[in-house]
Amino acid sequence: ERHPLLPQWELAHYCAARGIVLQAHMPLGGKIGACELLAHVTVARVARECGRTAAQVLLRWNLQHGCAAITRAGAVHAGGNGALAFTIGAEHMHLLDGMSAPP
């Protein structure tokens, strides 16, 4: 499981240092619940400001961190060709990266 609330930074750095592509299982939320993550205020803000869905933002966040993202069949409608062909800007990535930090 890997998403902004459970980024697993240590594992990601370990894999990157060894040329291993990390696969993000449950990138839309798992243990904490997909509905909670998809409706999270930060994810919703980034999605709104990027003109994308929350699911697209969460999948793209993993891709920009060099991770492959795997969802359940039917978990998300990606929206066709080009649905993930965008870049989340540095400010928005910083917001998403900070979601796991304690308040």
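From a predicted model like this one, the values you see are computed outputs, not experimental measurements.

Trainee: What's the story with the packing of helix 4 (residues 54–64) against helix 5 (residues 90–97) in this structure? I'm lost.
Mentor: When two helices pack together, their arrangement is given by the angle between their axes and by how far apart the axes lie. Interhelical geometry of helix 4 versus helix 5 gives an angle of 100° and a closest axis separation of 11 Å. Accordingly, the angle class assigned to the pair helix 4 and helix 5 is roughly perpendicular. Contacts between helix 4 and helix 5 involve Val57, Trp61 and Gln64 from the former and Met93, Leu96 and Asp97 from the latter. Partitioning the contact of helix 4 with helix 5 into residue classes produces four nonpolar, one polar and one charged.

Trainee: Would you mind going over helix 3 (residues 41–50) with me for this structure?
Mentor: It helps to recall that an α-helix has 3.6 residues per turn; residues three or four apart then point in one direction. Residues of helix 3 that are buried: Thr42, Val43, Val46 and Ala47. Buried residues of helix 3, seen end-on, are gathered within an arc of 130° and therefore sit on one face of the element. Among the exposed residues of helix 3, those oriented more than 90 degrees off its buried face are Val41 and Arg48. Count one or two residues on from helix 3 and you reach Gly51, which has phi positive near 70°.

Trainee: Even after reading the chapter, I still don't get unusual backbone geometry, so can you show me in this structure?
Mentor: Negative phi characterises most residues that are not glycine, and trans characterises most peptide bonds. Positive phi, normally seen in glycine, also occurs at Gln8, with a value near 50°. Residue class for Gln8 comes out partly exposed when judged on its relative accessible area of 32%. Of note, Met26 is a non-glycine position whose phi angle comes to about 55°, a positive value. Its location among the elements puts Met26 in the loop between strand 1 (23–25) and helix 2 (34–38).

Trainee: Looking at this model, I keep getting lost on the confidence of the model for the protein chain. Mind explaining?
Mentor: In low-pLDDT segments, the atomic positions of the prediction should not be examined closely. Per-residue pLDDT for the protein chain has a mean of 87; in total, 85% of the residues score no lower than 70. Per-residue pLDDT, averaged within each element of the protein chain, yields its smallest value for helix 2 (79) and its largest for helix 5 (97).

Trainee: I'm lost on the packing of aromatic side chains in this one. Help?
Mentor: When we look at a pair of aromatic rings, we describe it by the centre distance and by the angle of the planes. This structure, assessed with the given rule, holds one aromatic pair. Taken together, a centroid distance of 6.0 Å and an interplanar angle of 65° make the contact between Trp9 and Trp61 edge-to-face. Within this pair, whereas Trp9 is found in helix 1 (residues 9–17), its partner Trp61 is found in helix 4, the two being separated by 52 residues in sequence.

Trainee: Explain the environment of Ala68 to me, please; I cannot follow it from the model alone.
Mentor: Here Ala68 is to be found in strand 2 (residues 68–70). With near-sequence residues (within four places) excluded, Ala68 lies in contact with Val21, Leu22, Gln23 and Ala24.

Trainee: Explanation requested: the state of the cysteines in the structure shown.
Mentor: Here a disulfide denotes one covalent bond, and it connects the sulfur atoms of two cysteines. Counted by the stated rule, this structure contains zero disulfides. Looking at Cys15, it has no disulfide partner, and the nearest cysteine sulfur is the one in Cys67, 7.8 Å off. Cys15 sits in the buried class, given a relative accessible area of 7%.

Cut-offs and rules
Residues numbered from 1 in each chain as written. Predicted model: local features only at pLDDT ≥ 70, side-chain atom pairs only at ≥ 80, totals over all residues. Heavy atoms only, no water. Axes fitted to C-alpha atoms, helices over the stretch in contact; angles between N-to-C directions. Helix = DSSP H or I, 4+ residues; strand = E, 2+ residues; numbered from the N terminus. Parallel < 35°, antiparallel > 145°, perpendicular 65-115°, else oblique. Contact = heavy atoms within 4.5 Å. Nonpolar A, V, L, I, M, F, W, Y, C, P; charged D, E, K, R; others polar. Buried < 20%, exposed > 50% of the residue type's maximum accessible area, 1.4 Å probe, protein only. Arc of directions from axis to C-beta. pLDDT = per-residue confidence, 0-100. Phe/Tyr/Trp six-rings, centres within 6.5 Å; stacked < 30°, edge-to-face > 60°. Disulfide = S-S within 2.5 Å.

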